[in-house]
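Spelled out from the first residue to the last, the chains are:
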Amino acid sequence: MSFLANQKVSVKIMGLVGLSIFFMILIGYSGLHYLNKINGNAKQMYQHYMVPNELLNQIIINNAQINALQLELMIPDNQTVSRQKEINDSISSIITGSITAQKQIESIGMTGDVKQQYDTFKGMIPKSNEARDQMLGKLEANQTAEAYTVFTKQLSPIRTEIMNILISIKNLNQASAADLLPPADGPRAPAGGGAAVRR
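Thresholds applied
- Residues numbered from 1 in each chain as written.
- Predicted model: local features only at pLDDT ≥ 70, side-chain atom pairs only at ≥ 80, totals over all residues.
- Heavy atoms only, no water.
- Helix = DSSP H or I, 4+ residues; strand = E, 2+ residues; numbered from the N terminus.
- Buried < 20%, exposed > 50% of the residue type's maximum accessible area, 1.4 Å probe, protein only.
- Contact = heavy atoms within 4.5 Å.
- Areas by Shrake-Rupley, 256 points an atom, 1.4 Å probe, with all protein chains shown as cover.
- Axes fitted to C-alpha atoms, helices over the stretch in contact; angles between N-to-C directions.
- Parallel < 35°, antiparallel > 145°, perpendicular 65-115°, else oblique.
- Left-handed = near helix turned anticlockwise from the far one by under 90°.
- Nonpolar A, V, L, I, M, F, W, Y, C, P; charged D, E, K, R; others polar.
- Patch = residues over 30% accessible without salt bridge, like charges linked within 9 Å, V, L, I, M, F, W, Y side chains within 5 Å.
- Salt bridge = Lys/Arg side-chain N within 4 Å of Asp/Glu carboxyl O.
- Core = buried A, V, L, I, M, F, W, Y, C linked by side-chain atoms within 4.5 Å.
- Lys, Arg positive; Asp, Glu negative; His and termini not counted.

Novice: Is there a simple way to think about the overall build of the protein in this case?
Specialist: Looking only at helices and strands, the protein has five helices and zero strands in total. Reading the protein from its N end, one meets helices and strands in the order α-α-α-α-α. Per-residue burial over the protein gives 30% buried out of 199 residues. A sequence separation of at least 24 residues applies to 70% of the contacts in the protein between residues at least 6 apart. Counting every atom, the protein has about 12,400 Å² of accessible surface; 61% of that belongs to carbon and sulfur.

Novice: Help me understand the packing of helix α4 (residues 112-140) against helix α5 (residues 144-178) in this model?
Specialist: A pair of packed helices is characterised by two quantities: the angle between their axes and the separation of those axes. As a packed pair, α4 and α5 sit with axes 9 Å apart at the nearest point and diverge in direction by 165°. The pairing of α4 with α5 is recorded here as roughly antiparallel in orientation. The handedness of the crossing between α4 and α5 comes out as left-handed. For the contact of α4 with α5, the per-class residue count stands at 17 nonpolar, eight polar and seven charged.

Novice: What am I meant to see in a nonpolar patch on the surface here?
Specialist: There is a patch of nonpolar side chains on the surface, built from Ile13, Val17, Ile21 and Ile25 and spanning about 360 Å² of accessible area. Positionally, isoleucine 13 belongs in helix α2 (residues 9-72). For isoleucine 13, a relative accessible area of 47% gives the class partly exposed.

Novice: Just to check I follow, could you spell out the nonpolar core for this structure?
Specialist: In terms of nonpolar packing, the biggest core is built from 32 residues, with Ile105, Phe121, Met135 and Leu166 touching the most fellow members. Of all the secondary-structure elements, those providing two or more residues to this core are α2, α3 (81-108), α4 and α5. When residues in this core are grouped by element, the largest group, eleven residues, is from α5. If sequence neighbours within four positions are ignored, leucine 166 has contacts with Leu56, Ile59, Ile60, Asn63 and Phe121.

Novice: Whenever I open this one, the packing of α3 against α4 confuses me. Can you help?
Specialist: Closest axis-to-axis distance for the α3/α4 pair is 13 Å, and the angle between their directions is 160°. Judged on the interaxial angle alone, α4 and α3 are roughly antiparallel. As for the relative orientation of α3 and α4, their crossing is left-handed in sense. Across the interface between the two elements, Ile95, Gln102, Ile105 and Glu106 of α3 pack against Tyr118, Phe121, Lys122, Ile125 and Arg132 of α4.

Novice: I keep staring at unusual backbone geometry and nothing clicks. Help me out?
Specialist: Excluding glycine, a negative phi dihedral is what most residues carry, and trans is how most peptide bonds are arranged. Look at asparagine 142: it is not a glycine, yet its phi comes out positive at around 60°. Along the chain, asparagine 142 turns up in the loop between α4 and α5. For asparagine 142, a relative accessible area of 65% gives the class exposed.

Novice: So what exactly am I meant to see when it comes to the side chain of lysine 170 here?
Specialist: Relative to the elements of secondary structure, lysine 170 occurs in helix α5. No salt bridge is formed by the buried lysine 170, whose closest oppositely charged neighbour, glutamate 54, lies at an N-O distance of 11 Å.

Novice: Sorry, what's going on with the side chain of asparagine 62 here?
Specialist: Within the fold, asparagine 62 resides in helix α2. The exposure class assigned to asparagine 62 is buried, which follows from its relative accessible area of 8%. Beyond its immediate stretch of four places on either side in the chain, asparagine 62 contacts Ile94, Gly97 and Ser98.

Below, the structure written as structure tokens:
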């Protein structure tokens, strides 16, 4: 302490200034590192979680539209060849959009619970198609009542289960994305058993 007391005021001031600069640099570096980490997490959140969820939303909406259009096929006023073709063309276009969305999701990659549930979803598509073809066969045979029965008893329950699986995948992605956000008050516990959509 006697050494500091014997120093000139100008030396003391320069020392304090130097010390202040050092702490400012340290704080600035820490802030930059933290911002870079947040930026990296934000990119990962968008690419690996938000993009798949946008695509899942598209598939869910497409399924609802297909349901509505296939019910329209059974309306007596829509039994003309031209109207049936118009509705079926719309359905084909929507199905193509869903297949494209699925390929985009699969190109991102999945692990954990997300992969397991997505595989379950994919495994249910043939069952849905089989029930759909049975319904369309009834319609082609002018058996509208029977077609509606197939729709309500077989096709609709399968599609409802598919939609529930897709919503569950979305929830897992949202939970995993939340883990990338900086904690407001201490570390955040992992959610969803570590399930994530990743490369």
